[in-house]
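Here is how the chains run, residue by residue.
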Amino acid sequence: MAVLKVKFTKTKRDKLAQILWILNWVSVVSGIILFSLGLFLKIEIKKRNEVMAKGDINSVPNLLISVGVIACIINFLGGKICYDCSDANKFSRWKLVMLPYIVCTFCFTFCILVGALMCYTMRNELEESLYLGLKDAIKFYKDTDIPGRCFLKKTVDMLQIGFQCCGNNGFRDWFEIQWVSPRYLNMASKEVLDRLKSNVDGKFLVDGVPFSCCNPSSPRPCIQYQLTNNSAHYNYDFLTEELNIWVKGCREALMDYYTAILRSIGIAALLIWLFELSVLIGVRYLQTAMKNVLLLGDLEGESDGWLLENSFVETAKYNISIIKNLGKANQISTVTGMNDPNINVQNTNCGKTNVTTKSIPAA
């Protein structure tokens, strides 16, 4: 029994073909939108590539870019097919192409759905990449004289100013590393030498942060050093002085930024997937209706169109049986009684059933 069978007159078939021709051109625009969204996401990730660890975070934008290009090509072809399907004579040229086209389009629309879902599932990979990348960037913040790292100070400073954040998880991350370059330390100073000897690694650690952590909206001048020493500053309490420096970590700030982008792209991709799926359903109805017209031989008469010729269960069993039998065509049966190559050989006596034999003469 056919699934969702609909009866079409010639007028309905012609209108359906014309509507699908227009919708396929709209789908080309949706492919351009997918390509643009993927490209935009790739550029946004590339902008902060210096504070991200190398990982598989480019899989989503690459998928969206690829699907967008394929959408433009496949929907352009679909528009041509639907335009010709308004004429039964022209449809005969596409008769053998229609079913493979529908199968390929279904796989393509599934890729759009996968891309939309990946926009919501890549959060963990992105957060891990930001955590490791920011950790290394802060670690090498002081290496302004080392090739390959000299740009990290400016990158981190611009990041903290632009996103109003400080450190990886928070401003205390700067307390655990030496972020002041040795070239700016006075090695003759007793205070500097004492700080270098105060830890096992011999690092110059201070309870201070770079200037880029300062909040310009603070009512008082920024306090960068001795942040945890209340007595070092007048009328100061580091536990409540939230307006002096940014308290949000840069990883959290970047995750909020990218999450908003991914959520918007995911919603757009889902809407495009629903639109492409509706176009695909219309093409399937048009293909089956035109096919049945040719089988009936009445080009002006009514014909049935459907999504599946049989039920879902029967269609699934049929496809599974085809997959199972793909590799059995050239296999030799080993069942008992079937391993004799001559078991089905026909008798070659040319129809002579009673053949007389000469008797052997007696001695």
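Reading the values: the criteria
Residues numbered from 1 in each chain as written. Predicted model: local features only at pLDDT ≥ 70, side-chain atom pairs only at ≥ 80, totals over all residues. Heavy atoms only, no water. UniProt positions renumbered as here; feature names shortened; annotations may be inferred. Helix = DSSP H or I, 4+ residues; strand = E, 2+ residues; numbered from the N terminus. Buried < 20%, exposed > 50% of the residue type's maximum accessible area, 1.4 Å probe, protein only. Polar contact = N/O pair within 3.5 Å; in protein donor to acceptor, adjacent residues only side chain to side chain. Disulfide = S-S within 2.5 Å.

As recorded in an unreviewed UniProt entry, the protein goes by Photoreceptor outer segment membrane glycoprotein 2 and comes from Chlamydotis macqueenii. We quote the UniProt Sequence similarities (unreviewed entry) comment for the protein here in full: "Belongs to the PRPH2/ROM1 family." Taken verbatim from the UniProt record of the protein, the Subcellular location (unreviewed entry) comment is "Membrane".

Student: Tell me about the environment of Arg 220, and name the residues and values.
Tutor: If you trace the backbone, Arg 220 turns up in the loop between helix H6 (190-197) and helix H7 (250-296). Judged by its relative accessible area of 24%, Arg 220 is partly exposed. Between the C-alpha atom of Arg 220 and that of Asn 244, which follows or precedes it by 24 residues, the distance is 7.3 Å. Among the polar contacts listed, one links the side chain of Arg 220 to the backbone oxygen of Tyr 234, at a separation of 3.0 Å. A polar contact of 3.0 Å, which involves the side chain of Arg 220, links it to the backbone oxygen of Asn 235.

Student: Quick rundown of unusual backbone geometry? Include the residues and the values.
Tutor: Positioned with a positive phi, Gln 226 is a non-glycine residue whose angle comes to about 50 degrees. Relative to the helices and strands, Gln 226 is located in the loop between H6 and H7. Residue Gln 226 is classed as partly exposed on the basis of its relative accessible area of 33%. Notably, Asn 235 is not glycine yet its phi reads approximately 50 degrees, a positive angle.

Student: Provide a residue-level description of the UniProt feature "transmembrane region" (unreviewed entry) in the protein, including the pertinent values.
Tutor: The positions UniProt marks with the feature "transmembrane region" (unreviewed entry) are residues 20-40, 60-78, 98-120 and 261-286. Spanning residues 60-78, this segment combines 100% helix with 0% strand, and its end C-alpha atoms are found 26 Å apart. Its end C-alpha atoms 34 Å apart, residues 98-120 is made of 100% helix and 0% strand.

Student: Pulling in residues and values, what's your account of the state of the cysteines?
Tutor: On inspection of all chains with the given rule, the structure shows 3 disulfides. Across a sulfur-sulfur distance of 2.1 Å, Cys 165 and Cys 250 are joined as a disulfide pair. Taking the sign of the S-S torsion, about 85 degrees here, the bridge from Cys 165 to Cys 250 comes out right-handed. With a gap of 85 residues between them, Cys 165 in the loop between helix H5 (152-163) and H6 and Cys 250 in helix H7 connect regions that are remote in the sequence. Judged by its relative accessible area of 0%, Cys 165 is buried. For Cys 250, a relative accessible area of 2% translates into the label buried. A disulfide bridge connects Cys 166 with Cys 213, and the sulfur atoms are separated by 2.1 Å. Given an S-S torsion of about 85 degrees, the disulfide between Cys 166 and Cys 213 has right-handed geometry.

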